Amino acid sequence: MRIIAVAFCAGVCLLQLQAELTGPRALAAALLTLTATVAVVFPRLWRSGGGAGRLGGAGLIAIAAVAAGMGWAALRAEWRLADALDVAAEGVDLEVVGRVAELPQPLGDGVRFVFEPEPGSPGVPACVLLSWYAERAQAGSPPSVRAGELWRFRVRLRRPHGLANAGGFDYEAWLLQRGVRATGYVRGEATLLATPPQGLMHQVHRWRGEVRDRFGAALGDAPYAGILAALAVGEQRAIPPEQWEVFRRTGVAHLVSISGLHVSLLAMLAGGMVGWGWRRVPACALRWPAHKAAALAALGAGVAYALLAGMGIPVQRAAIMLAVAAAALIGGRALAPSRILALALLAVLVFDPWAVLAAGFWLSFGAVAVILFVLGGRAAGRGGWRGAVRIQLAITLAMVPALLLLFQSFPLLSPLANAVAIPLVSFVITPLVLLAVPLPFEELLLAAHAAATPMMHVLEGLARLDGAQWQQAAPPAWLVLAASVASAVLLLPRATPAKLAGVAVLAALLAWQPPRPLQGAFAATVLDVGQGLAVHVQTATRDLLFDAGPPYGGAADAGSRVVVPYLQARGVRRLDAMLLSHEDSDHVGGARSVLEALPVAAVLVGEAHAAPRWAQGPAAAADVRPCRAGEQWEWDGVRFELLHPAAADGARASGRHGNDRSCVLKVTAAAGALLLTGDVTAAAEAAVLGRFGAARLASTVVVSAHHGSRSSSSPPFVDATRPLAVVHSAGHRNPFGHPHAAVSARWAAVGARNLRTDRDGAIGLRFGATAGAGVEVQPWRRAHRRYWHGR
């Protein structure tokens, strides 16, 4: 069973790595046929006897399981992708009738919710994610939306689309896993048709909303109210970002996300209580064994808690694992814990083949596997607090490779933080919160919050320490695999040989750094930030950021969502310069987040303001100076030159939001040059051309001005630069029509290849150190394409 589960998982993973889903039915049929063939051949091979026969039989089983995993995942992918929004229905007004399917999520200026249109909506998928903003509502603010309500909406929908960057979040995969096949927003008219929920899950989500509202009314503005809501109904969005950062730096995020720990804890308590009482009633004990009654009670309590948490993906995994264990006990099967874990793995992947795309899948199964590995096969184990400490240290060590691959960091103080948090969360806070769900006593919530307060003070103090977290670039998969094996070797008994080799492999993992450009060469990445601009330029030892992308609403911006994760994945720990072309929000919206996350040696600005919106907090101490045409410097044999604005341009600058005061930067190596133009219009392009001449403007790659707007990329400027490629940084289906078709055609007419971040994702550019090295162009979506992208 263990071989089958692991091999089936490998097959599912292989399918999820595919760039295209070509002929999924044919693929599934071929793989399932292979599985059936192996099932026929295996018994004969096994009966042939001998070690070779058994080894060959095990190999055939593994091959069949891999094939079955790929075939099943391919079939599920085809079924889900078939439920798609018609191309003709994208971006137009549609009238849909349906029900609010899950717990609505409040936004700063509206509400977001999953909506299930009724079957009579042609061309509309069965599940969509809608946002309802105050500015688009009839009364100026959206009314209260509750789970299970039947509404008629006028909406605009689009197919799933997310940003595509190194170290970024795959929003399209996240939507696919949840069955959401379109996103959109409500426009104007809306009619509430019915309020009673229909179906079990609609009623469950209605109850969850009522519990959340009751908790909010009882706790008001209490600083840790969001933690209690998260523990009760899985409402993780109620926790502020700054508290999530504390949990991330201390390694206790698993305690406030309802998962296997919480479900298992409640199941253990319920099973223990029922088993204790069952043994004391002779009639019950004689009719049915107490341990089976306890297992059934544990399963019921765990499923009830999973329903209360909304049956999210992590909770589903925990409930399935619990169901497998309970079924084994009730069925009288004396299964080894490792076999139960393998059955749970198989069940989870059959139910949800996309689970392998979630970090929680690997961390949860990995942590349980480590516990079984540490406790199994030993004559006597340590009990009490010593055993708990040993297990926590083992989990911390074993999870290091996976954490570096998934998050480019791991908490160094995790054992200490968990030693403080686990007892309080498990035995004080969570029980009080769960008691407050059915019982209308505010004192329970106040007591839970009082217990959470000192815990958070300790965690916040640990998170502020400089050495709280190890950070480095994302290591390659082969090194992560080797380090995982090395961690397993180090967890073996003391007399096991090759432990020094395991230490050496882990040291190599922690010392790994991604390759940087050679002396005289540079690399640049035009990040996919939506409707905005952010470009990272890297030489052998230096890093520069040109603009920081747009805000995304609320507390989110491109700096925190895109730029900082990308820089961390690339191993960048400081910026030698950040150049902000001008003050438009789509260029400086993420600047403050970048300055809060990384030390920045100098900030150069184009359009000058007395109090720019980003110059707060850490930015107040930065070395800020204006861009000036003619300023040059050299890093590692690469020349940087500012071409605009000149000091005399202030009086001539147009009044269009200061676009003509944008910084223009040219980066030159032996293999070619990159020209970054900000948002300059045709007037500023003419000024730059008149100041420096066509020869100085000639470039290999140009990032088009103003995202490809018609107000820029004038014919003389395009003819003077004559690049091999032009990059348009624009948002998907943006309302401005950027890049304009006429602008793209103008660049194509001079031989330039048009690249777009909304279509190609982040654009990587590598300029060699010698004249003949040329320029390598690497669109992220083409190099890392998955079958669900654009579907």
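Each value, and the rule that gives it
Residues numbered from 1 in each chain as written. Predicted model: local features only at pLDDT ≥ 70, side-chain atom pairs only at ≥ 80, totals over all residues. Heavy atoms only, no water. Salt bridge = Lys/Arg side-chain N within 4 Å of Asp/Glu carboxyl O. Helix = DSSP H or I, 4+ residues; strand = E, 2+ residues; numbered from the N terminus. Buried < 20%, exposed > 50% of the residue type's maximum accessible area, 1.4 Å probe, protein only. Pairing = 2+ DSSP bridges. Axes fitted to C-alpha atoms, helices over the stretch in contact; angles between N-to-C directions. Contact = heavy atoms within 4.5 Å. Phe/Tyr/Trp six-rings, centres within 6.5 Å; stacked < 30°, edge-to-face > 60°.

**Some words on the pattern of salt bridges**
Throughout the structure, instances matching the rule amount to 21 salt bridges. Across the salt bridge formed by arginine 212 and glutamate 235, the nearest N and O atoms sit 2.8 Å from each other. With arginine 212 in helix H5 (residues 200–219) and glutamate 235 in the loop between helix H6 (225–233) and helix H7 (241–250), the pair connects residues that are 23 residues apart, well separated along the chain. Each member of the pair arginine 212 and glutamate 235 is classed as buried. Salt-bridge contacts for aspartate 760 lead to arginine 759; the nearest nitrogen and oxygen are separated by 3.1 Å.

**Comments concerning the sheet that holds strand E10 (residues 535–538)**
Here eight strands make up an open sheet; going across it, the order is E16-E15-E14-E11-E10-E9-E24-E25 and the pairing mixed. The sheet is open, and its two edges are formed by strand E16 (623–626) and strand E25 (775–779), each paired on a single side. Each strand of the sheet is rotated relative to its neighbour by a mean of 15°, with strand direction disregarded. Pairing analysis gives four bridges linking strand E15 (residues 602–605) to E16, with the strands arranged parallel.

**Re the sheet that holds strand E18 (residues 638–644)**
Strand order across the open sheet formed by seven strands is E17-E18-E19-E20-E21-E22-E23, with mixed pairing between neighbours. For this open sheet the edge positions go to strand E17 (632–635) and strand E23 (753–756), each flanked by a neighbour on one side alone. Within the sheet, the average angular offset between the axes of one strand and its neighbour, ignoring direction, is 20°. Along the sheet face, helix H23 (residues 682–697) touches E17, E18, strand E19 (664–669) and strand E20 (672–676) and points at about 145° away from the line of E18.

**Observations regarding the packing of aromatic side chains**
All told, the structure shown has 18 aromatic pairs when counted by the stated rule. Ring centres of phenylalanine 113 and phenylalanine 115 lie 6.4 Å apart, and the angle between their planes is 75°; on these two criteria the pair is classed as edge-to-face. Phenylalanine 113 gets classed as buried once you look at its relative accessible area, which sits at 1%. On the basis of relative accessibility, which here comes to 0%, the residue phenylalanine 115 falls in the buried class. Linked through ring pairs, Phe113, Phe115, Trp132, Trp151 and Phe153 together constitute an aromatic cluster.

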